Amino acid sequence: MNNEKIMSKIIASSLVFVIGAVNVSEVFAYTKDETVYSKVKSNGENYQTTVTEHIKNTDDINTLNDISELLNITNTNGDEKFSKENNSITWNAYGNDIYYKGNTEKEIPIETSINYELDGKEIEAKDLAGKSGKIKITINYTNKEERTVTVNGKTEKMYVPFVIATGTIFDNTKIKNIKIMIK
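In this report, we go over the structure that sits alongside the text. Since this is a predicted model, take the numbers as computed values, not measurements. (Residues numbered from 1 in each chain as written. Predicted model: local features only at pLDDT ≥ 70, side-chain atom pairs only at ≥ 80, totals over all residues. Heavy atoms only, no water.)

Quick look at the nonpolar core
Then step 1. Judged by nonpolar contacts, the single largest core of 13 residues is most densely connected at I55, L64, I73, W91, I98 and Y100.
Then step 2. Broken down by secondary-structure element, the contributors of at least two residues to this core are β3 (30-40), β4 (46-56), β8 (88-92) and β9 (98-103).
Then step 3. Ignoring any residue separated from it by four or fewer positions in sequence, one finds I55 in contact with Y30, T31, K32, L64, D66, W91, D97, I98 and Y100.
Then step 4. In this structure, V40, I114, A125 and L128 belong to the second largest nonpolar core, which totals seven residues. (Core = buried A, V, L, I, M, F, W, Y, C linked by side-chain atoms within 4.5 Å. Buried < 20%, exposed > 50% of the residue type's maximum accessible area, 1.4 Å probe, protein only. Helix = DSSP H or I, 4+ residues; strand = E, 2+ residues; numbered from the N terminus. Contact = heavy atoms within 4.5 Å.)

Here it is in structure tokens:
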């Protein structure tokens with residue numbers, strides 16, 4: 001398999017971005033941090049979203065009540081058990097913090113689009129296989145999480161802030177001269 005085919009497959013299957021929505025929310029008398037990991041196709045379309053949660057049990061409570069719409073929930077850092085009824089979760093925490101993950105089918109609040117250029121000319125990701133030259137990949141994000149708020153008596157449109165990190169894997173024995181530019 002040549003370098004371009006490897007790169008095309010890597011881009012198509014491994015581009016992962018993190019909506020580091022370190023979403024600190026009050027969950028009853030304790031806090032919960034949330035991070036969303038979303039895998040996207042070569043065109044930016046989301047195909048898998050995993051959410052990790054950390055419930056901070058600062059009061060060493062034995063039973064923690066949580067709310068979550070996640071599917072396939074698993075405890076990732078202990079053996080504490082939980083029960084779930086609809087979106088209500090009860091954790092047998094025994095004074096511990098709870099770390100868990102699950103999947104969601106909800107639409108993520110960030111839209112991603114990816115554009116490719118080969119030697120300065122726009123090209124589809126699928127057409128990169130078998131080609132060589134200077135490849136430029138541009139990833140654009142659009143925040144869709146808009147809120148209307150009142151600030152000093154005036155109605156304003158604002159967006160929920162998110163931290164986004166993008167990652168992919170390249171075989172550095174076959175791909176070289178990689179530059180990352182942030183605008």
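After presenting the structure, the write-up continues.
Some words on the environment of V163
Then step 1. By the element assignment, V163 lies in the loop between β14 (154-159) and β15 (164-167).
Then step 2. Of the residues examined, V163 reaches a relative accessible area of 56% and is grouped as exposed.
Then step 3. Separated by 128 residues in the primary sequence, V163 and T35 place their C-alpha atoms 9.8 Å from one another.

Worth remembering: the numbers are spatial, not functional.
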